[in-house]
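Residues per chain, in single letters:
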Amino acid sequence: PFLRKEEHETKIRATQVIFQPALFYNQKIKSDLKSMREYDVSIYKRQLISEIKTAYLNYLKLEQAKRLYVSTMELLKENLRVSAKLVENGKATKEIIYRAQTELSKIEQELEDAQANSTQAQYYFNHLRNRPLQDTIRIEENLSLLDPGNEDADAYIQSSLANREELKQLKETIEVARHAKGAAGSAFLPGILVVGDYGYQGEEYNLNPDYDYWMVSGILQWNLFNGFQDHSKRQQAKMDEEKANLVLQETEKLLTMQVQKSYDNLQVAAKARITSEERLKAARESFKIINKKYNEGLVSQIEFIDAHNSLISAEIGQIIHKYDYYICAAELERVAALWIFE
């Protein structure tokens, strides 16, 4: 009978899509979104590398300053001893002792500050590496590997525009919008499917060859009208694509300015480093002469201390400008995307 009072149907159905554009576009969108998440990881890696290098360079800067202050203290202690001998022998008055003590106390305070800052720099560097905060940090004096090379600004800009993950993300965003627009447009196209059924049916639940059946169907689906919803989705996707293109162009300009600024900062840092080295060389020669005259009693203690302060200032300046140069190089390396992640 065609119409039964009681019946059952148990079947297995296999469906194969032959033509369904929406599935193609949805797969593309998922692939684009996956790539965008991967770029997030690369952005984090690039930022972390830059922060680790900067933290390490700051630690080296403070360690070198500490060594300078320690050696300076030895010189000032010797100056205090000589001053005390001069007063004891009646060749000078007590103010030279007070002046020597003042200079020694000042350097001791500078050393304590440098020690505290060095400890904080050590903790921060180890924190970035996910190590115990008090882990010993190996000192590497040869920093030639951090030199960025002699490329001009345009080369660094082109590297940034080609390799920065932020731009690749925006390009993927544009692709997502394009595929969304394609998916919305594909709603106007038919979908073709092949469906295969195999099962059992009847008034009683009998699983034997007399009650089984199989059927293969070709199905054509065509959405002729959906209340203009698909048209609205297509317009929205089109606007999203236009917006993403504008953001991409703006980001390219911002990154270009960022690289140019970092490049200019590096050039300024390089010149400051050379100037500081020349100043240090002159200060050392000047102090050598003053120190010799002071030991011979030809200049006053005030002249000796002024010359020594100038030397310390020049040495600190040379340390600061040296490591600031490499910090600028690390920043340029980041913004120009000189590291390529596989």
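The numbering scheme is per chain: residues are counted from 1 as the chain's sequence reads. Selection of residues for local features in this predicted model requires a pLDDT of at least 70, selection of side-chain atom pairs for listing and counting requires 80 or more, and totals for whole chains, interfaces and linings are taken over all residues. Excluding hydrogens and water, the side-chain values take into account all heavy atoms of the structure.

Q: Which parts of the structure should I look at to understand the packing of helix H3 (residues 153–163) against helix H4 (residues 165–186)?
A: In a pair of packed helices, the angle between the axes and the distance between the axes together describe the arrangement. One can describe the packing of H3 onto H4 by two numbers: an axis separation of 6 Å at closest approach and a directional angle of 40°. In terms of their interaxial angle, H3 and H4 are classed as oblique. Here Ser160, Leu161, Ala162 and Asn163 of H3 come into contact with H4, specifically with Glu165, Leu167 and Lys168. When residues are sorted by character, Ala, Val, Leu, Ile, Met, Phe, Trp, Tyr, Cys and Pro go into the nonpolar class, Asp, Glu, Lys and Arg into the charged class, and all the rest, Gly among them, into the polar class. Here the residues of the contact of H3 with H4 are counted per class, giving three nonpolar, two polar and two charged. Only the stretch in contact is used when fitting a helix axis, every axis being a line fitted to C-alpha atoms; angles between N-to-C directions are given from 0 to 180 degrees. We count a stretch as a helix when DSSP gives it H or I for four or more residues in a row; a strand needs E for two or more, and each element gets its number in order from the N terminus. Note on angle classes: values under 35 degrees are labelled roughly parallel, values over 145 roughly antiparallel, values of 65 to 115 roughly perpendicular, and the remainder oblique. Two residues qualify as a contact provided that any one of their heavy atoms is within 4.5 Å of a heavy atom in the partner residue.

Q: Where do I start with the sheet that holds strand S3 (residues 212–221) in this structure?
A: Pairing between the strands of a sheet comes from backbone hydrogen bonds, and it takes one of two forms, parallel or antiparallel. Two strands qualify as a pair provided that DSSP identifies no fewer than 2 bridges between them. The strand order S1-S2-S3 describes an open sheet built from three strands, whose pairing is antiparallel. For this open sheet the edge positions go to strand S1 (8–19) and S3, each flanked by a neighbour on one side alone. Recorded for the sheet is a direction-independent mean angle of 20° between the axes of neighbouring strands. When S1 meets strand S2 (residues 191–202), the two strands line up antiparallel, connected through 11 bridges.

Q: For this particular structure, what's the right way to read the pattern of salt bridges?
A: Close approach of charged atoms allows side chains with opposite charge to pair. In the sections that follow, a salt bridge refers to a side-chain nitrogen of Lys or Arg positioned within 4 Å of a carboxyl oxygen of Asp or Glu. Here the structure, examined in full by the defined rule, presents 17 salt bridges. Note that Glu331 is salt-bridged to Arg334, the shortest N-O span being 2.9 Å. With Glu331 and Arg334 both in helix H6 (residues 301–335) and three residues apart, the pair spans about one turn of that helix. With a 1.4 Å probe rolled over the protein chains alone, any residue whose accessible area is under 20% of its type maximum counts as buried; one over 50% counts as exposed, and the rest are partly exposed. When its relative accessible area of 28% is taken as the criterion, Glu331 is described as partly exposed. By relative accessible area, Arg334 is classed as buried at 14%. One salt-bridge network, held together by shared partners, links Arg99, Glu103, Lys106 and Asp306.

Q: Explanation requested: the environment of Glu110 in the structure shown.
A: When you line up the elements, Glu110 lands in helix H2 (residues 95–128). Considered as a pair, Glu110 and Pro190 are 80 residues apart in the sequence and their alpha carbons are 79 Å apart.

Q: Mind showing me how you'd approach helix H1 (residues 21–88) here?
A: Each α-helix winds once per 3.6 residues, and so residues spaced three or four apart point in a common direction. With 68 residues, H1 extends 101 Å between its outermost C-alpha atoms, agreeing within 8% with the 100 Å of an ideal straight helix rising 1.5 Å per residue. One or two residues past the end of H1 sits Gly90, with phi positive at roughly 75°. Expected helix span is taken as 1.5 Å per residue step, with the number of steps being one fewer than the number of residues.

Q: Got a minute to help me understand H3 in this structure?
A: Of the residues making up H3, those classed as buried are Ala153, Tyr156, Ile157, Ser159 and Ser160. Taken end-on, H3 shows its buried residues confined to a sector of 160°, consistent with a single buried face. In H3, the exposed residues that point more than 90 degrees away from the buried face are Asp154 and Gln158. As used here, the arc is the angular range of directions from the helix axis to the C-beta atoms.

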